[in-house]
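Examination of the molecular architecture
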Amino acid sequence: LGEIFALVDYEEVNRLSARYVDPAPGGREDLFHGLLLDNPRTRREQPAIRTASVTISHGELIDIVRSISRQLAAAGLGAGDRAALMLRNSPEYVALFLGITALGAIVVPVDHNAAAERYLGVVKDTTPRLCLTLEDEPRADVVGGPPRNAVRIDRITKDVTFTPPLPTRTGG
């Protein structure tokens, strides 16, 4: 993923793969999230994502993913809903992907360099509830489609913010 070098514990991946060989093992369909959540219990401080400008530990990544999931759920995103990701490979992309799928929602990847017509075609075909991007994405200003919210993970505090703020679900 571009500059991202995710550190993978292949022994742990092999152990989990061997444990979950059968299809739909014991009702568990969240193997990816399970790997993320099970791994840090003993290695919470080890890096999960490392770029030239930031290192995010397993524990920090879990906290970031939970924050994203809570904010997206409060905005009304849930199982089966679609969220378009229109951003380059980045720590934000990884965290958003995990946060969206943790809710059971579907990630719709959109090439951040795509022409406006291509973006609008993807949006028309997939009808995402949200479109998430980075503030400095060159295509973040495309007119049409759902409102876009820019995500930012503070490189020091690891706090997650959306600009403009995500809408809040009203009613029930």
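Scoring rules and cut-offs
- Sequence order as written defines residue numbering, which begins from 1 separately in each chain.
- Selection of residues for local features in this predicted model requires a pLDDT of at least 70, selection of side-chain atom pairs for listing and counting requires 80 or more, and totals for whole chains, interfaces and linings are taken over all residues.
- Note that water and hydrogens are dropped before the side-chain values are worked out from all heavy atoms of the structure.
- Lines fitted to C-alpha atoms define the axes here, with helix axes fitted over just the stretch in contact, and angles between the N-to-C directions of these axes take values from 0 to 180 degrees.
- Helical segments are the DSSP runs of H or I of at least four residues, strand segments are the runs of E of at least two, and each set is numbered from the N terminus.
- Note on angle classes: values under 35 degrees are labelled roughly parallel, values over 145 roughly antiparallel, values of 65 to 115 roughly perpendicular, and the remainder oblique.
- For any helix crossing, the convention is left-handed if the near helix is rotated counterclockwise from the far helix by under a right angle, and right-handed if that rotation is clockwise.
- Contacts are residue-level and defined by heavy atoms, with any inter-residue pair within 4.5 Å sufficient.
- Classification used: nonpolar for Ala, Val, Leu, Ile, Met, Phe, Trp, Tyr, Cys and Pro, charged for Asp, Glu, Lys and Arg, polar for all others including Gly.
- To estimate how far a helix should extend, the number of its residues minus one is multiplied by 1.5 Å.
- For the exposure calls, accessible area comes from a 1.4 Å probe over protein chains only, and a residue counts as buried if that area is under 20% of its type's maximum, exposed if over 50%, partly exposed in between.
- Pairing between strands is defined by DSSP: at least two bridges between the two strands are required.
- Directions pointing from the helix axis toward each C-beta atom define the arc.
- Orient the strands so they point away from the viewer; a crossover is then right-handed if the path from the first strand over the helix to the second runs clockwise.
- Put simply, buried Ala, Val, Leu, Ile, Met, Phe, Trp, Tyr and Cys residues joined by side-chain atoms within 4.5 Å make one nonpolar core.

**With respect to the packing of helix α4 (residues 58-74) against helix α5 (residues 91-102)**
Close contact between α4 and α5 brings their axes to 8 Å; oriented N to C, the two are set at 55°. By the angle class used here, α4 and α5 are oblique. The two elements α4 and α5 cross, and the hand of that crossing is right-handed. Contacts from Leu61, Ile64, Val65, Ile68, Ser69 and Leu72 in α4 reach Ala95, Leu96, Leu98, Gly99, Ile100 and Ala102 in α5. Its residues placed into classes, the contact of α4 with α5 shows 10 nonpolar, 2 polar and no charged.

**Some remarks on α4**
Between its terminal C-alpha atoms α4 stretches 24 Å, which fits the 24 Å expected from 17 residues at 1.5 Å a residue. Phi turns positive one or two residues past the end of α4, at Gly76, with a value near 100°.

**Thoughts on unusual backbone geometry**
The omega angle of the peptide bond from Thr163 to Pro164 is -10°, so this bond is cis rather than trans. Residue placement: Pro164 occurs in the segment after β7 (160-163). Despite not being glycine, Lys158 has its phi angle at roughly 70°, a positive value. Looking at where Lys158 falls in the secondary structure, it is placed in the loop between β6 (148-153) and β7. A relative accessible area of 14% places Lys158 in the buried class.

**Focus: the sheet that holds strand β4 (residues 106-109)**
The strand order across the open sheet built from 5 strands is β4-β3-β5-β6-β7, with neighbouring strands paired in mixed fashion. The strands lining the two open edges of the sheet, one partner per strand, are β4 and β7. Geometrically, the sheet is characterised by an average inter-axis angle of 30° between neighbouring strands, direction not taken into account. Summarising the sheet, strand β3 (residues 82-86) and strand β5 (residues 130-133) pair through 4 bridges and their orientation is parallel.

**A short note on helix α6 (residues 116-126)**
Listing the buried residues of α6 in full gives Ala116, Tyr119, Val122, Val123 and Thr126. An end-on view of α6 places all buried positions within 130° of arc, on one side of the element. Away from the buried face of α6 by more than 90 degrees, exposed residues Glu117, Arg118, Lys124 and Asp125 are located. On its buried face, α6 is in contact with β3, β4, β5 and β6.

**Remarks on the pairing of β3**
Within a regular strand, side chains alternate between the sheet's two faces. Across the 5 residues of β3, 4 count as buried, placing the element largely inside the fold. Bridging between β3 and β4 involves 4 bridges; their strand directions are parallel. Within β4, the residue paired with Ala83 across the bridge is Val107. Following the chain from β3 across α5 to the adjacent parallel β4, one finds a crossover that is right-handed.

**Some words on the nonpolar core**
Residues Leu61, Leu72, Leu85, Leu96, Ile100, Leu132 and Phe162 are the most contacted members of the largest nonpolar core, which totals 30 residues. Going through the elements one at a time, β1 (47-50), α4, β3, α5, β5, β6 and β7 are the ones with two or more residues in this core. Among the elements that line this core, the one with the most residues is α5, at 6 residues. Beyond its immediate stretch of four places on either side in the chain, Ile100 contacts Leu72, Leu77, Ala83, Leu85, Ala105, Ile106, Val107 and Leu132.

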